[in-house]
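Residue-level structural notes
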Amino acid sequence: MKAIVNHTYGSPDVLRLDHVDTPAPADDQVLVRVEAAGVNRGDWHATTGLPYIVRFAEFGVRRPKVAVRGTDVAGTVTVVGRDVDRFRPGDAVFGWADGAFAGHALTTADRLAATPARMSATQAAALPTTGVTALQAVRDSAGVRPGHRVLVVGASGGVGSFGVQIARALGAEVTGVTSTRNLELVRSLGATHVVDYTTRDVIDGPERYDAVIDAAGSHAPSAWRRVLTPTGTLVLVGGPQGRWVGGMPRFAAALALSRLVSQRLVPLFSTPRGSDLADLAELVAARKLTPVLDRTFTLPETPDAIRHVGAGHTRGKVVVTI
C-alpha cells in the first residue's frame, strides 16, 4: 500500500510517499481502509522533532520510532481481530490509528466510533484529536454549563471552531476572538459576540467571563485573569512553542499561579477517549456540531498539508484524502 513515511526529523520535505506492507490486525485490533486523515499540529511536531522534548516523551530521540505518519483517521473497517465484537467489516468509523497517512491503518476498537450518518469521511477525519480536545477543554476542564459566559480565543482555528460550537450546545453565551476575515465564520458557528483582535484587545474590555478557552496563546495566563470572574476558569490549549520544551513554561506558570488565586488556570493535555468520540458523534447527529474544513490535500500532497498546518492561521481543519 502507499503511505507517507519519514525516517529522520526535519522539514516536511523529509516526508516521502512510499510502498509499505499492509499491516495485519492482531486479535484485539481493527484494520481500517483509510479514506481521509486529519492533519494536526502534532503531525508537524512528529515530522520536525520540535520542540525537542517531544522526542524524549513520545516520538524517538534520534529518529522517529514510527515511520508512517498520521493519527486521525476515517474510513471503513476491512478486517477485525477475533476478540473484537464492536465492529465488523464494512462499518464506517473514525478515530485514532497509528499511520493514518496510508491506504490502511491499524488501531483498536476503543479508539474508534461509528461515523455519524450523513457525514463524509473527510468531515469525520476532522473530528478526533481537535474535536476531543475542544470537548475536554469546554465541558471537562472549564465545566461550562447553561448560562455561562465563555470566551474562545482563536475561535476560527481547529480547536476554537469546535469550542465555539460545543460551548453553544452546552447552553453558554459565547464570545469568539478572531481576525477580521473570520468574524462572520465565527458568528455562523454560534458565537453571540465576536471580537476582532486586529482592532481591539479583549483583555482591555469590561466584560467578564466564567470561562476562557485560550487556543491561541496571545497572552500570558496572568493577563487572562483580568477578564475572568472571581471564580472563573482559564483553559490553556496549545499556544507559543519554544524550541526545547514547547509550551511547558507557560503551563507551569499557570499551575503555580492557580494555587494563589481564586480562579482556576488549567493547562490541558487532552486524552484520546473513545467515549468522547461517541459524544462528538451525538453532537453531529443532533446538528449541533459541524467541522470547518480549511483545505483538503491528496496523499502525495501530505508534506504540503503539514507545512500549511505548521505555518498556523488555518481556518478550522486540514484533511488529507486517500
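See the structure printed just above.
What you are looking at is a predicted structure, and each value in this text was computed from that prediction instead of being measured. (Residues numbered from 1 in each chain as written. Predicted model: local features only at pLDDT ≥ 70, side-chain atom pairs only at ≥ 80, totals over all residues. Heavy atoms only, no water.)

**Some words on the pattern of salt bridges**
Going through the model one piece at a time under the given rule, you end up with eleven salt bridges. One salt bridge connects Asp27 with Arg82, and the closest N-O pair in it is separated by 3.2 Å. Of this pair, Asp27 sits in the loop between β2 (16-19) and β3 (29-39) while Arg82 sits in the loop between β4 (72-80) and β5 (92-96), placing them 55 residues apart in sequence. With relative accessibility at 35%, the residue Asp27 sits in the partly exposed group. Ionic pairing is found between Glu35 and Arg33, a salt bridge with its closest N-O pair at 3.8 Å. Classification of Glu35 by relative accessible area gives partly exposed; the value is 28%. Judged by relative accessible area, which is 38%, Arg33 ranks as partly exposed. (Salt bridge = Lys/Arg side-chain N within 4 Å of Asp/Glu carboxyl O. Helix = DSSP H or I, 4+ residues; strand = E, 2+ residues; numbered from the N terminus. Buried < 20%, exposed > 50% of the residue type's maximum accessible area, 1.4 Å probe, protein only.)

**Some thoughts on the environment of Ala252**
Note that Ala252 resides in helix α8 (residues 248-258). Residue classification places Ala252 among the partly exposed residues on the basis of a relative accessible area of 44%. Ala252 sits 14 residues away from Val266 along the chain, and the two C-alpha atoms are 9.7 Å apart.

From the geometry alone we can't say anything about function, so treat these as descriptive.
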